[in-house]
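What follows is the residue order along each chain.
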Amino acid sequence: MIKFILLTILIVVFQGCATWTGIKQDSNRAWEATKDTSSDVYHSVKKSIHEATE
């Protein structure tokens, strides 16, 4: 019985670690995409405003 409980706890812990690593990688990719897109939008709007005010 002890072995079964210990095995169950270890499985849950290792799955949690793998999931946490995946979440960190996914959020890192999402943040990079957000920064790139935000920068493009910022420069596009800045250019449009400059052209409109000339």
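Scroll up for the structure.
Below: a short report on this structure. Numbers given for residues are sequential positions, taken from 1 along each chain in its written order. In keeping with the model being predicted, local features are shown solely for residues with a pLDDT of at least 70 and side-chain atom pairs are shown and tallied solely at 80 or more, while totals for entire chains, interfaces and linings include all residues. To obtain the side-chain values, all non-hydrogen atoms of the structure were used and water was disregarded.

### Remarks on a nonpolar patch on the surface
Here is the rule: Residues enter a patch when their relative accessible area is above 30% and they make no salt bridge; the linking distance is 9 Å between like charges and 5 Å between nonpolar side chains (Val, Leu, Ile, Met, Phe, Trp, Tyr). Shrake-Rupley sampling with a 1.4 Å probe provides the accessible areas, and residues are treated as covered by the protein chains on show and by no other component. Whenever Lys or Arg places a side-chain nitrogen within 4 Å of a carboxyl oxygen from Asp or Glu, that contact is recorded as a salt bridge. For helices the rule is a DSSP run of H or I covering at least 4 residues; for strands it is a run of E covering at least 2, with both sets numbered from the N terminus onward.
Among the surface-exposed residues, Met 1, Phe 4, Ile 5, Ile 9 and Val 13 lie close enough to one another that they form a single nonpolar patch of about 560 Å² accessible area. Within the secondary structure, Ile 5 is located in helix H1 (residues 2–52).

### Things to note about the pattern of salt bridges
Under the defined criterion, the tally for this structure stands at 1 salt bridge. The salt bridge involving Lys 35 is made with Glu 32; its shortest N-O contact spans 3.4 Å. One end of the pair is Lys 35 and the other is Glu 32, both in helix H1 and 3 residues apart, which spans about a single turn.

### Quick notes on the environment of Thr 37
Basically, it comes down to this: Whenever a nitrogen or oxygen atom comes within 3.5 Å of another N or O atom, the pair is scored as a polar contact, on the condition that within protein one atom can donate a hydrogen and the other can accept it, and that pairs from neighbouring residues in sequence are kept only if both atoms are in side chains.
Inspection of the secondary structure assignment puts Thr 37 in helix H1. There is a polar contact of 2.9 Å between the side chain of Thr 37 and the backbone oxygen of Ala 33.

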